[in-house]
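Each chain, letter by letter, is given below.
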There are 2 protein chains.
Amino acid sequence: MAIKYVYAFEEGAIDMRALLGGKGAGLAEMTRIGLPVPEGITITTKACIDYFDSGMKISDEIKTQLFDYLGKLEEKTGKKFGGTENPLLVSVRSGAAISMPGMMDTILNLGLNDASVEALALKSDNRRFAFDSYRRFIMMFSNVALDIDSELFEEELATLREEKGVLLDSELDAEDLEKLVGIYKSIYKKKLGTDFPDDPMEQLMISVEAIFKSWNNQRAITYRKINDIPNDLGTAVNIQSMVFGNMGETSGTGVAFTRNPATGEKKLFGEYLVNAQGEDLVAGIRTPDPIEKLAEHLPEAYRQFSESSTILETHCKDLQDIEFTIEEGKLYFLQTRNGNRTALAALKVAVDMVDEGLIDKKTAILRVNPDALEQMLYPTFKHNDLESKTPIAVGLPASPGAAVGKVYFTADAAVEHTKAGENVVLVRKQTSPEDIEGMHLAKGFLTSTGGMTSHAAVVARGMGKCCIAGCEAVKVYEEDGYFTVGDQRINEGEIISLHGTTGRVYHGAIETTQPVLTGDFETIMKWADEEARMEVRANADTPNDADIALSFGARGIGLCRTEHMFFEASRIIEVRKMICADTLEQRQEALNNLLPVQKQDFVEILTAMDNMPVTIRLLDPPLHEFLPSTEEGVIEIADQLGITAEKLNVRINDLHEFNPMLGHRGCRLSVSYPEIAVMQATAIIQAGIEVKRAGKKPLVEIMVPLAGGSREYNYVAGLIKETAAAIVEESGVDLHYMVGTMIEVPRAAIVAAEIAKEAEFFSFGTNDLTQMTMGFSRDDAGKYIDEYLEKKLLDRDPFQTIDPVGVGYLVKMAVAEGRKSRSGLECGVCGEHGGDPQSIAFFEEAGLDYVSCSPFRVPIARLAAAHAFLGSQGYSSH
Amino acid sequence: MAIKYVYAFEEGAIDMRALLGGKGAGLAEMTRIGLPVPEGITITTKACIDYFDSGMKISDEIKTQLFDYLGKLEEKTGKKFGGTENPLLVSVRSGAAISMPGMMDTILNLGLNDASVEALALKSDNRRFAFDSYRRFIMMFSNVALDIDSELFEEELATLREEKGVLLDSELDAEDLEKLVGIYKSIYKKKLGTDFPDDPMEQLMISVEAIFKSWNNQRAITYRKINDIPNDLGTAVNIQSMVFGNMGETSGTGVAFTRNPATGEKKLFGEYLVNAQGEDLVAGIRTPDPIEKLAEHLPEAYRQFSESSTILETHCKDLQDIEFTIEEGKLYFLQTRNGNRTALAALKVAVDMVDEGLIDKKTAILRVNPDALEQMLYPTFKHNDLESKTPIAVGLPASPGAAVGKVYFTADAAVEHTKAGENVVLVRKQTSPEDIEGMHLAKGFLTSTGGMTSHAAVVARGMGKCCIAGCEAVKVYEEDGYFTVGDQRINEGEIISLHGTTGRVYHGAIETTQPVLTGDFETIMKWADEEARMEVRANADTPNDADIALSFGARGIGLCRTEHMFFEASRIIEVRKMICADTLEQRQEALNNLLPVQKQDFVEILTAMDNMPVTIRLLDPPLHEFLPSTEEGVIEIADQLGITAEKLNVRINDLHEFNPMLGHRGCRLSVSYPEIAVMQATAIIQAGIEVKRAGKKPLVEIMVPLAGGSREYNYVAGLIKETAAAIVEESGVDLHYMVGTMIEVPRAAIVAAEIAKEAEFFSFGTNDLTQMTMGFSRDDAGKYIDEYLEKKLLDRDPFQTIDPVGVGYLVKMAVAEGRKSRSGLECGVCGEHGGDPQSIAFFEEAGLDYVSCSPFRVPIARLAAAHAFLGSQGYSSH
């Protein structure tokens, strides 16, 4: 039997997407369940593939089937293709299984020619409408199917308007448009050397072939390559008889959602225009009416629409976004698809539909996009207020949310003015770890340099504060206390507003709102936790962070950076003494002074995280980060340390590195200064014992950063274990603790089997692993990563979403190798990727046990972890 | 049958090293071929393993066999262990198959006690000698076998000398020494609580057990771990009857080489002392006589020695280093081993022995250590002159050889004074690419900062100049024109001498010599080339470098760095214009000006390298390297460019990077500025065509640096190929060229299969690959790599010898994956590892096609490549 290449809508169904494309399958399904859909047919994706396989020819078999089905379409509609009485007009649309850019667009009104246009004029009793449809068809056909520049047609239209002295196309009359048809046809002839095809069948075959060809245009090929979509799927072609919403007062066209896409409320939401076609709705010249108005205007059509859309939603089991047209009182459904919605609506619809018995909990979870939750987790501007404002500059949207405050240029000023009761926005060229106290107090940060992963950006996301980074239009004169944007000068103390979600900077104050986390949010989170395989921990450096993490549902701390504790004003002096020590004794003295405060930090964190794992990383950053970087700073700090500025400068020069990222940091510090590791291990273990004695259950994981091999790891782990064992033994308290390592140097992933012989857990530092595996400096790469994204040399910023092929290879390798040596080795990730849903899907695949992320992204990660696991089990949101 | 644990020397042979250890097998072999060797026995390595396997007990079976053989030894020597008439005295020595540190040292004169010492005194008619031997034995036994601090004994000896008012031990008489024996015994008793063992058998068993135990001491374990030596080899124990060279004027002891170890001349070379023991020779109190003198002094012994050593050398087929003793006119061979020799001697001996029919060419090649050749490839100081000088400072021996010249502190001054006819040594805190012209002219460089792979070091090795880097004792005041070392101040224009081989800096001039490359050198090189599988290319950036490379036997250029061409004074202005261009047009104009000079460079290089591959790398360094780094520089350069200093500073700030190593460089520049790649491709292809038209055969390989993935590579390669194709087509010349990439980003190695679909060759940039895989910044890591080496966390500096486990894994992976996509894909290495013999052995294993290194290391690499291949085929030097 011959292959079936053509389907009438009534022969298809929603599960035939691969063969009929998404659009065709949707139309078939609506037809199948009895909704009013204009008759039509779909040429299968298989026909498209055959077209390419047979040297770009549409085979006779396909043609025969198509003509046969067209005949049936004529019969069913009672219209005739190219007919001079009741002409059949059709729309022709591409429709692949997966929608993609570059595919051929819609051609409407196909079937018109000099004869049928007269019939249409007569039948519609609207000559202007008929010729307007005709000239639109010629232009769409010429442009969409034959690639003639649409500008050529637009120019003629403009000339005509000028000649007639009118402003709008709608002011042109039938005669004008008829004239335009002639002009358009001559453009066609001039460009292609042949007459515009009069024969509707020729028009159709050219259009079908153009759609087939568009499957293999450059944009589509590139898109498929990037998105790993096979080239041999092909596209379907939908040919549907036209209906017209512009045939008078009992006609109209509209768009509606089965539920409110902003709130999720279970109530039709949409708008329509009387006597109009779809494009008028889009053009926005006339103001549409809300869908409720239709009940008054055309009660029967409204009743039918309302009933049908309920049937459709119940059938599709999701909020539907429906295009409809009413032709002389008769309702037609032209398209349906699952509707976009806000996070708020997504949560409510998902939970409601479970309550209604439409979907199960797994489906409900998958219906909520984890990324979309972000908008619910930060304060933001009141929408209306924002719309009316013009930003003075746009930078990188480094951390979302909104911040309003007075501009200050130093961390000290931020501290001082916050304490004086002001809201402060910290504006700097770039921030550094020295600014941490001011950053803690400021509402948000604006930097003129640095990328999405600069210090300010990373800290902001960690603290859940708004940040705009790399805002190059802003020239900061920190010392003189102002910044400029173009000609505008903004002084210290003036108010600005930052919109971290868009990267926009506004002069003056914009009102902010705090989002409300509804019960639906909690419900979905609970369901998600039940389904997820991976746990979600938080990166938290302070007891305060730990509390936030807990409130957002974290199940532990995956990364506690001890250095952040060192930056507090009262402590950094001892850290600096340690760094500037001439002798081991001096260094030891400074460390002895740090010990009790470090211990107290850990006591508080471990107390907060009762019976949950807390992964504490030993000192990681290069020591120069703790020393001042300006001349003034040097003089001040030297004075505090009781040494000469010259001596401090010598030390700063000693510590200077060309590539600090690859420098003397991480466990290399412990190799050079074992006493630092010993002090930190002492503080951690003493804290654990104290917390346990207080009746809690501390679960301590001590993490060695930046190890590149087993000998190095074993050396540092040996220091820790020796220290710990002695303290534990002396205390008589049976403290649970593990010692493990970060995997962030590519070499560590390669020799993971060897490292895991001693290391009791792995935590992937994917930020640094990405830097080293790809050779991208996080602090500098913003400059060229954008170009890479633009030129499609990268799909995504690898610091936002893990590079699954390169960096991911090393992650998978390390997990596999590590577990060869130590079966069930605990593996997690504590880089920023731990809060990115796409990356979380990768980590599920890689078999990690947990992800750890900023406290503010914990809900996103929890949901994403559930998605990742359900996805791995073959569940989908529909 | 019971296992045989003990062998008499006459039962063994040289090929029983595994069982008898190196020393035992050598003694056995000498015995076997009839040389006069004092009788002795060897306890096998198997006995040592059994000792550990049976809970550190020497089994009865071993004891039985040992006692049995001791009995036979007594019979053969006619002496009795512990005998009061003719006592048998023995030396006890460890001897593993592979010599290693930490193993127990020699104990001499074992068998002495209060009774036998008297017999020895009587027999030797020398009471002083007998007691001197006795007290030495007690000390050696106590220290070596029982780990009592030798200082305790030395102190008593010193006290005794003081009491007697003498300076030398030899001034103590028999009575003094007898007294000392008593004191020594009491030290023993005090430390161990037991009397010094009188029973020679007890002395022996303690010594044997101590040797066994030393197999598993910490130093030996660590050494084996690092060197991948199995733990279950065990050590043998040699027990040999003592002979005494200190029994009068017809006795003596000496050391001799069968050929001259400095020149290779075929003539006995050595020295001896009359009436002395081995340790006297080492102590250097008496001046020994040359071996020839023995012919006059003891003609018969000399004749016998001369004949025997010829037999021995012929038997061993290598230059032998022999220890001998003459006891009352009778000659004994105590040890033989293959002698150390200079590179010069190694070459001559290897070639001579082939001529003599002793060894074949393959063996000859393997007899010359490639590393040792280095000393022949650079000028050096006259040895005697050097010995008498005291260095003022010692830095890192960054590039070998010697340099003498007047001190100047800027590249400009170096240029100026060289042109004025002076020899210049450039002294700087650190050098930068801007200094390149001055560096080309200076004799050598001294830097106070930076490591073995700092800019100065790398450039120096590339240019074959002497360099001392990271000489921290030197404080450089560049602007004031002097440097200090401690209190010493050395002004501009004063002469210093650098010894790059040792890192020593001398004040004043030391005479240098140019080494002579003898015919033997050429001969070995020729033989090596015949055996090697891998080719050796050179890294050469200029026609001059190319000539040197050719003269050293390079078979192509593996890395031609185009940026080095950009630093020449006449060109850098255009480069800077290009960098500071505001528009594409301005940039294009600067590039247009660079095109003819770039082309001319390539014409010269391709002409020089007729019919040999030349791999040309596109611009690689971050652009900021071309801009000035000082305020003065900015003012000067801005003036040259006709822009304001402010504007130049803005550009410099734009280009500033926190981690330039991971920054905007390599092919990332071509992505941002495709016109640079296009200009360079144009220059290369135009040059190729011109050279081909001139009748030569250019083999061009265009190399894309720093690619991390296929899309990035394909983008840049696409620019190159498109440019090239157009020029080639227009020219009508059939030019051979390939486009390929460096593999230096870890990700590139991971996705090598994908890259190789388009890339026609791979060249491993192992410097950068090491930096990124290990997370070590080459410019900074010196600080901590030394600590890692000291603490045995690293075996070798990974920038000198490739890390085979981590970085090597990626190299092998990339080769395998690349060749999956493109069978026979040409793979080479162009990092500095390409000139390191150990790394070359790894590259042989990894299946690379060639290595490329500094022109001055080409001979080393050629020999190493031959070694690597012969090694892979199972050949060894003996």
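Quick caveat: nothing in here was measured; it's all calculated off a predicted structure.

**Q** Just give me the short version of the overall build of chain A, but keep the residues and values in it.
**A** Regarding its fold elements, chain A presents 36 helices and 33 strands. Taken over the C-alpha atoms alone, chain A extends approximately 105 × 65 × 50 Å along its principal axes. Here chain A holds 878 residues, and 58% of them are scored as buried. Split by element, the accessible area of chain A, about 34,900 Å² in all, is 48% carbon and sulfur. The centroid of the 88 positive side-chain charges in chain A is displaced by 3 Å from the centroid of its 132 negative side-chain charges.

**Q** Go over the confidence of the model for chain A with me, naming the residues and quoting the values.
**A** Averaged over chain A, the pLDDT score is 91; the fraction of residues at 70 or greater is 97%. Among the scores for the predicted complex, ipTM is 0.81 and pTM is 0.81.

**Q** Residue-level account of the state of the cysteines, with values.
**A** Under the counting rule described, the total for this entry stands at zero disulfides over all chains. Note on Cys 466 of chain A: no disulfide assigned, nearest cysteine sulfur contributed by Cys 467 of chain A at a separation of 7.1 Å.

**Q** Give a detailed account of unusual backbone geometry, specifying residues and quantitative values.
**A** All names here are of chain A. Phi at Met 56 is positive, roughly 60°, even though this residue is not glycine. Its location among the elements puts Met 56 in the loop between α2 (45-53) and α3 (60-77). One non-glycine residue, Asp 147, lies in positive phi territory at about 65°. Considering the arrangement of structural elements, one finds Asp 147 in the loop between α5 (127-145) and α6 (150-164).

**Q** Could you give an account of the interface of chain A and chain B, with specific residues and numbers?
**A** Opposite the 50 residues of chain A that make contact, chain B presents 50 residues. Summing both partners gives a buried area of about 4,400 Å² for chain A against chain B, and 55% of it is carried by carbon and sulfur. Of all residues in chain A, Phe 658, Leu 662 and Arg 711 of chain A give up the largest surface area on contact with chain B, accounting jointly for 16% of the area buried on that side. There are four salt bridges connecting chain A and chain B. A salt bridge links Asp 795 of chain B to Arg 711 of chain A, with the nearest nitrogen and oxygen atoms 2.7 Å apart. For the interface between chain A and chain B, the tally reads 34 residue pairs in polar contact (both at pLDDT 80 or more). The set of elements that each furnish at least two residues to the side of chain A that touches chain B consists of α26 (645-655), α27 (667-672), α29 (710-731), α30 (746-750), α32 (766-774), α33 (782-790) and α34 (807-821) of chain A.

**Q** Go over the pairing of strand β33 (residues 850-853) of chain B, please, and point to the residues and values.
**A** Residue and element names in this part refer to chain B. Neither face of β33 is exposed, since Tyr 850 and Ser 852 on one face and Val 851 and Cys 853 on the opposite face are all buried. In this structure, strand β26 (residues 535-539) lies alongside β33, joined through four bridges in parallel fashion. Considered in β33, the bridge of Arg 537 is made with Ser 852. In the sheet, strand β32 (residues 826-829) pairs with β33 via two bridges, with the strands oriented parallel. Note on β33: the bridge partner recorded for Val 829 is Val 851.

**Q** Give a description of helix α33 (residues 782-790) of chain B that names residues and reports values.
**A** Every buried residue of α33 of chain B is listed here: Tyr 784, Ile 785 and Tyr 788 of chain B. Around the axis of α33 of chain B, the buried residues are gathered within 110° of arc, so they sit on the same side. Where α33 of chain B is buried, its residues touch α27 and α29 of chain A. In the stretch just after α33 of chain B, Lys 792 of chain B is the one whose phi turns positive, near 60°.

**Q** Provide a residue-level description of a negative patch on the surface, including the pertinent values.
**A** Residues and elements named next belong to chain A. Together, Asp 412, Glu 416, Glu 437, Glu 479, Asp 480, Glu 492, Glu 568, Glu 631, Glu 632, Glu 636 and Asp 639 make up a region of like negative charge exposed at the surface. Looking at the negative patch, the elements with two or more residues in it are α17 (411-419) and α25 (631-641). Ranked by residue count, the leading element in the negative patch is α25, at four residues. Position of Asp 412 among the secondary structure elements: in helix α17.

**Q** How would you summarise the nonpolar core if you had to cite specific residues and measurements?
**A** Buried together is how nonpolar side chains tend to be arranged in soluble globular proteins. Ranked by internal contacts, the top residues of the largest apolar core, which has 328 residues, are Leu 373, Phe 445 and Phe 764 of chain A together with Leu 373 and Phe 764 of chain B. Contacts of Phe 445 of chain A, omitting those with residues within four sequence positions, involve Leu 426, Met 439, Ala 456, Val 459, Ala 460, Met 463, Lys 465, Cys 466, Cys 467, Ile 468 and Leu 498 of chain A.

**Q** Any chance you could break down the sheet that holds strand β31 (residues 761-764) of chain B for me, citing the residues and the numbers?
**A** All names here are of chain B. Strand order in this closed barrel of eight strands is β26-β27-β28-β29-β30-β31-β32-β33, and the pairing throughout is parallel. With direction set aside, neighbouring strand axes in the sheet form an average angle of 25°. Summarising the sheet, β31 and β32 pair through four bridges and their orientation is parallel. Considered in β32, the bridge of Phe 761 is made with Glu 826.

**Q** Help me get a handle on the sheet that holds strand β23 (residues 495-499) of chain A, residues and values and all.
**A** Residues and elements named next belong to chain A. Overall, mixed pairing links the eight strands, which are arranged β14-β24-β23-β16-β17-β18-β19-β15 in an open sheet. The sheet terminates laterally at β14 (393-394) and β15 (396-399), the two strands that pair on one side only. As judged from the two bridges shared by β14 and strand β24 (residues 504-507), these two strands associate in the antiparallel manner. By the bridge assignment for β24, Ala 393 is matched with Val 505. Sheet strands touched by helix α19 (residues 455-463): β15, β18 (444-447) and β19 (466-469). Its angle to β18, the strand with the most contacts, is close to 165°.

**Q** Outline the pattern of salt bridges, supporting the account with residue identities and numerical values.
**A** All names here are of chain A. Per the stated rule, a full pass over the model turns up 104 salt bridges over all chains. Between Asp 50 and Lys 46 there is a salt bridge whose closest N-O contact spans 2.9 Å. Separated by four residues within a single helix, Asp 50 and Lys 46 lie in helix α2, roughly one turn from each other. Residue Asp 50 is classed as buried on the basis of its relative accessible area, which comes to 15%. The class for Lys 46 is partly exposed, based on a relative accessible area of 32%. The partner of Arg 303 in a salt bridge is Glu 307, with the nearest N and O atoms 2.6 Å apart. Residue Arg 303 and its partner Glu 307 are located together in helix α12 (residues 299-316), separated by four residues, close to a single helical turn. Through salt bridges with shared partners, one network takes in Glu 563, Arg 617, Asp 620, Arg 665 and Asp 768.

Scoring rules and cut-offs
Residues numbered from 1 in each chain as written. Chains lettered and ligands numbered in written order. Predicted model: local features only at pLDDT ≥ 70, side-chain atom pairs only at ≥ 80, totals over all residues. Heavy atoms only, no water. Helix = DSSP H or I, 4+ residues; strand = E, 2+ residues; numbered from the N terminus. Buried < 20%, exposed > 50% of the residue type's maximum accessible area, 1.4 Å probe, protein only. Areas by Shrake-Rupley, 256 points an atom, 1.4 Å probe, with all protein chains shown as cover. Lys, Arg positive; Asp, Glu negative; His and termini not counted. Charge placed at Lys NZ, Arg CZ, Asp CG, Glu CD. pLDDT = per-residue confidence, 0-100. Disulfide = S-S within 2.5 Å. Contact = heavy atoms within 4.5 Å. Buried area = accessible area lost by both parts, 1.4 Å probe. Salt bridge = Lys/Arg side-chain N within 4 Å of Asp/Glu carboxyl O. Polar contact = N/O pair within 3.5 Å; in protein donor to acceptor, adjacent residues only side chain to side chain. Pairing = 2+ DSSP bridges. Arc of directions from axis to C-beta. Patch = residues over 30% accessible without salt bridge, like charges linked within 9 Å, V, L, I, M, F, W, Y side chains within 5 Å. Core = buried A, V, L, I, M, F, W, Y, C linked by side-chain atoms within 4.5 Å. Axes fitted to C-alpha atoms, helices over the stretch in contact; angles between N-to-C directions.

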